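Remarks on the overall topology
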Amino acid sequence: MKVTSSDIVISAVKPEQYPNTPIPEFALAGRSNVGKSSFINKMINRKNLARTSSKPGKTQTLNFYIINEALHFVDVPGYGYAKVSKTERDAWGKMIETYFTSRDQLRAALLIVDLRHPPTKDDIAMYEFLKHYDLPRIVIATKADKIPKGKWQKHLKITRQTLNMEKEDELLLFSGETGEGKEQAWGVLKKYM
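This structure is a prediction, so every number in the text was calculated from the model and none was measured. (Residues numbered from 1 in each chain as written. Predicted model: local features only at pLDDT ≥ 70, side-chain atom pairs only at ≥ 80, totals over all residues. Heavy atoms only, no water.)

Overview of the overall build of the protein chain
Secondary structure assignment for the protein chain yields 5 helices and 7 strands. The order of α-helices and β-strands along the protein chain, N terminus first, is β-β-α-β-β-α-β-α-β-α-β-α. For a compact globule of 193 residues, the expected C-alpha radius of gyration is about 16 Å, and the protein chain comes in at 15 Å, within 12% of that figure. As displayed, the protein chain has an accessible area near 9,900 Å², and 49% of this comes from carbon and sulfur atoms. Looking at charge distribution, the protein chain has the averaged site of its 31 positive side-chain charges lying 6 Å from that of its 22 negative ones. (Helix = DSSP H or I, 4+ residues; strand = E, 2+ residues; numbered from the N terminus. Rg over C-alpha atoms; globule rule 2.2 N^0.38 Å. Areas by Shrake-Rupley, 256 points an atom, 1.4 Å probe, with all protein chains shown as cover. Lys, Arg positive; Asp, Glu negative; His and termini not counted. Charge placed at Lys NZ, Arg CZ, Asp CG, Glu CD.)

So, unusual backbone geometry
The phi dihedral of Asn45 is positive, around 60°, even though this residue is not glycine. You can see Asn45 is positioned in the loop between α1 (36-43) and β3 (62-67). Of note, Glu69 is a non-glycine position whose phi angle comes to about 55°, a positive value. Here Glu69 shows up in the loop between β3 and β4 (71-75).

Looking at the side chain of Arg137
Mapped onto the elements, Arg137 comes out in strand β6 (residues 137-142). Assessed through its relative accessible area of 7%, Arg137 is described here as buried. There is a polar contact of 2.8 Å between the side chain of Arg137 and the backbone oxygen of Leu135. A polar contact of 2.8 Å, which involves the side chain of Arg137, links it to the side chain of Asp169. (Buried < 20%, exposed > 50% of the residue type's maximum accessible area, 1.4 Å probe, protein only. Polar contact = N/O pair within 3.5 Å; in protein donor to acceptor, adjacent residues only side chain to side chain.)

Concerning the sheet that holds strand β5 (residues 106-114)
One open sheet holds the 7 strands; their spatial order is β1-β3-β4-β2-β5-β6-β7, and the pairing between them is mixed. The open sheet is flanked by β1 (6-12) and β7 (170-173), the only strands paired with a single partner. Going from strand to strand, the sheet's axes swing by 25° on average, the running direction of each strand aside. Both β3 and β4 contribute to a ladder of 5 bridges, which runs antiparallel. Bridged to Phe64 within β4 is Val74. Relative to strand β2 (residues 25-30), helix α2 (residues 86-102) is tilted by about 145°, and along the sheet it contacts β1, β2, β3, β4 and β5. Helix α3 (residues 121-132) contacts β2, β5 and β6 of the sheet and is inclined by roughly 165° relative to β5. (Pairing = 2+ DSSP bridges. Axes fitted to C-alpha atoms, helices over the stretch in contact; angles between N-to-C directions. Contact = heavy atoms within 4.5 Å.)

Focus on the pattern of salt bridges
For side chains bearing opposite charge, pairing can occur when the charged atoms are close. Overall, the coordinates contain 8 salt bridges when judged by the stated rule. A salt bridge links Glu25 to Arg103, with the shortest nitrogen-to-oxygen separation between them at 2.6 Å. Of this pair, Glu25 sits in strand β2 while Arg103 sits in the loop between α2 and β5, and the two are 78 residues apart along the sequence. Taking the relative accessible area as the measure of exposure, Arg103 reaches 12% and is therefore buried. Note that Glu170 and Lys191 form a salt bridge whose closest N and O atoms lie 2.8 Å from each other. (Salt bridge = Lys/Arg side-chain N within 4 Å of Asp/Glu carboxyl O.)

Note that every value here comes from positions in space, so none of it alone points to a role or purpose.
And the structure:
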């Protein structure tokens, strides 16, 4: 997909703040610092639309990005970051659950994991949550550039097994550095639009 326009629309914490548009949405879930912002930026050819941070746990709202006036990427707060208080974590959990379970425009959830390591307990819990609510899931294994090409399949297999993925769920390789997997990712998203 050729991206000609992209912008942040709103940072929302409750449903009445969500954009009132009928366009398809794709939500990005993943651990803090797993590369959600880098994924968004690479997909839309912008360096800093989605802010990357060296401090994990920075995203504390649902950030809606509009692409080509045709779809939204929704960046949800990262999980698994210890420095956030339990109260804050619970609030994020409720906010994320509300979005995932009530948003008609949501076409699929993109679960972003780190290809270099087996998915964490939090990644597994997120995958199970999406499965429980019968939400379409696409698993994106980022940081592919940090692993020799010859080992990609081995790492993808570990990811698939650790998450106990359903056969029909897509698992894509991605690199925010090199753009590896970008065209494939757009191809998969188009199927859901």
